[in-house]
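Overview (structure and organization)
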Amino acid sequence: MESVCVTGAGGYVASWVVKELLAKGYIVHGTVRDPDDEKKNGHLKKLEHANERLHLFKADLLDYVGVCTAIDGCTGVIHVAMPVPAGKVTSPQAEMLEPAITGTRNVMNACLKSKVNKVVVVSSIAAIFGNPSWPKDRPMDENCWSDAEFFMKTEKWYCVGKLISEREALEFGKKNNLNVVTVCPSIVFGPMLQSTLCTTNIILLNLFKGKNSFNLLEFDKAEEDIHIPIVDVRDCAKALLLVYEKPESEGRYLCSSHVLKTKALIEMLKNLFPNYNYPTDPCGLNEELNYTCEKIMKLGWSHRSLEETLVDSVENMKEAGLLS
Ligand SMILES: NC(=O)c1ccc[n+]([C@@H]2O[C@H](COP(=O)([O-])OP(=O)(O)OC[C@H]3O[C@@H](n4cnc5c(N)ncnc54)[C@H](OP(=O)(O)O)[C@@H]3O)[C@@H](O)[C@H]2O)c1
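First, a word on scope: everything that follows refers to the structure included in this document. (Residues numbered from 1 in each chain as written. Predicted model: local features only at pLDDT ≥ 70, side-chain atom pairs only at ≥ 80, totals over all residues.)

So, on to the site of the ligand. Close to the ligand lie 26 residues; G8, G11, Y12, M82 and C198 are nearest. Contributions of two or more residues to the shell around the ligand are made by α1 (12–23), α5 (92–113) and β7 (187–189). Looking at which element gives the most residues to the shell around the ligand, the answer is α1, with three residues. Considered class by class, the residues forming the shell around the ligand number 16 nonpolar, six polar and four charged. (Near = placed C-beta within 6 Å. Helix = DSSP H or I, 4+ residues; strand = E, 2+ residues; numbered from the N terminus. Nonpolar A, V, L, I, M, F, W, Y, C, P; charged D, E, K, R; others polar.)

Quick look at the structure:
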């Protein structure tokens, strides 16, 4: 049976990746920073087949030896771990850049050392969309790279970390003959398996409490009605597995299902769930979003409707006692 390592296994996206891998019969090596932290990682042990096939390894991304131990014996790696900001980043180097860039270098070196066949790195739409010089009439795709200097000037440290780590991972793959593929998801919504809220869970939950917190994701505050690109967490996990399993996958894959303006999103939520106090101040990407996910679609990816994502998210938050 093939073994795959998932970094940051207890997180929102990674937990769904672990669940999918277990369901498909893989042995999973999951890295977590504290295997004894039941609040953060207890849900992993309850996943179907976890008893037989999930092995948790204690490893911070900056602990090269720990990362090597987790990856040893695996034919594949899905590198998901990376801090996602939940407020103003005060020490960019330590909070964002070190774990993103040095952490990804550690994962890449460990993969080379263990002769891993394929590595899938989770990047972000942030590594694509921050490119002010891309022609407005041309849909953004995988050829579009964000501008690091633009991000640095505007102190978008999470975006800097995602951009540099993705670029370096692809370059590392080419230089060392390691099969590296990256996936750039948009904002991930949908049901949680974990019990600790991540940033995008907080953003969605806040919408039902009258608070617009898209700025947590380093978007600029905007007065106008702005665009939110969204993908369901289950579709995102499926995309990562698809890219991992398809021998022909190569390079980068933009992965986003829906794009709509904040006001339209709030209107949709109001129609589905009228009894909440929604925010009135839009915030998010203040530009038309013209992009295409044709590449990943051609690989065989499909996605569910936004309504299904929102309904399942809300049911899940109610079950978790987060919403009345
Ligand atoms: N959610 C989105 O909308 C979205 C969109 C695009 C891309 N992404 C990317 O998807 C990935 C997962 O994000 P998420 O939304 O699932 O967030 P999350 O739930 O906060 O997951 C982040 C994971 O990274 C781990 N991590 C952070 N710093 C680490 C370090 N120094 N060493 C080891 N592990 C570390 C965390 O471990 P602990 O539990 O120990 O803190 C956690 O498991 C990230 O790479 C993020 O950039 C997310």
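There's more to say after this.
The next point concerns the sheet that holds strand β5 (residues 118–122). Spatially, β3-β2-β1-β4-β5-β6-β9 is the arrangement adopted by the seven strands of the open sheet, whose pairing is parallel. Edge positions in the sheet fall to β3 (54–58) and β9 (251–255), since each has one partner strand and no second. Neighbouring strand axes in the sheet, compared pairwise and without regard to direction, differ in orientation by 20° on average. One ladder, built from four bridges, connects strand β1 (residues 3–6) with strand β2 (residues 27–32); its direction is parallel. Bridge pairing in β2 places C5 opposite H29. Across the sheet, α5 touches β4 (76–79) and β5, and the angle it forms with β4 is around 175°. (Pairing = 2+ DSSP bridges. Axes fitted to C-alpha atoms, helices over the stretch in contact; angles between N-to-C directions. Contact = placed C-beta atoms within 7 Å.)

What follows is about the packing of α5 against helix α8 (residues 157–176). At a minimum axis separation of 9 Å, α5 and α8 run at an interaxial angle of 15°. With respect to α8, the axis of α5 lies roughly parallel. In this structure, α5 crosses over α8, and the sense of that crossing is right-handed. Packed against α5, whose contacting residues are P92, M96, L97, A100, I101, T104, R105, M108 and L112, the element α8 presents W157, Y158, V160, G161, K162, I164, S165, E168, A169, F172 and N176 at the interface. Per-class residue counts for the contact of α5 with α8 are 13 nonpolar, four polar and three charged. (Parallel < 35°, antiparallel > 145°, perpendicular 65-115°, else oblique. Left-handed = near helix turned anticlockwise from the far one by under 90°.)

Quick look at the environment of F57 now. Tracing the chain through its elements places F57 in strand β3. Residues within four places of F57 in sequence aside, it is in contact with H29, G30, T31, G66, T69 and A70.

Right, let's get into the pairing of β2. Looking along a regular strand, one sees side chains alternate from face to face of the sheet. Most of β2 sits out of view: five of its six residues are buried. The parallel pair β1 and β2 is bridged by α1, and the resulting crossover is right-handed. Where β2 and β3 come together, five bridges link them in parallel fashion. Within β3, the residue paired with T31 across the bridge is F57. (Buried ≥ 20, exposed ≤ 12 C-beta atoms within 10 Å, placed from the backbone. Right-handed = clockwise from strand over helix to strand, strands pointing away.)

Taken together, three strands build an open sheet; the order of strands is β7-β8-β10 and the sheet is mixed. The outermost strands of the open sheet, each flanked by one partner alone, are β7 and β10 (258–261). If you compare each strand with its neighbour and ignore which way they point, the axes differ by 40° on average. Helix α10 (residues 233–245) rests against β7 and β8 (227–232) of the sheet, and its axis sits at about 65° to β8.

Our next topic: the nonpolar core. Across soluble globular proteins, nonpolar side chains have a tendency to be buried as a group. Among the nonpolar cores identified, the biggest contains 87 residues, and V6, V13, V17 and L240 are the most heavily contacted of them. Looking at this core element by element, the count peaks at eight residues for α10. Aside from chain neighbours lying at most four places away, what touches V13 is V80, V122, V188, V233, C236 and A237. (Core = buried A, V, L, I, M, F, W, Y, C linked by C-beta atoms within 7 Å.)

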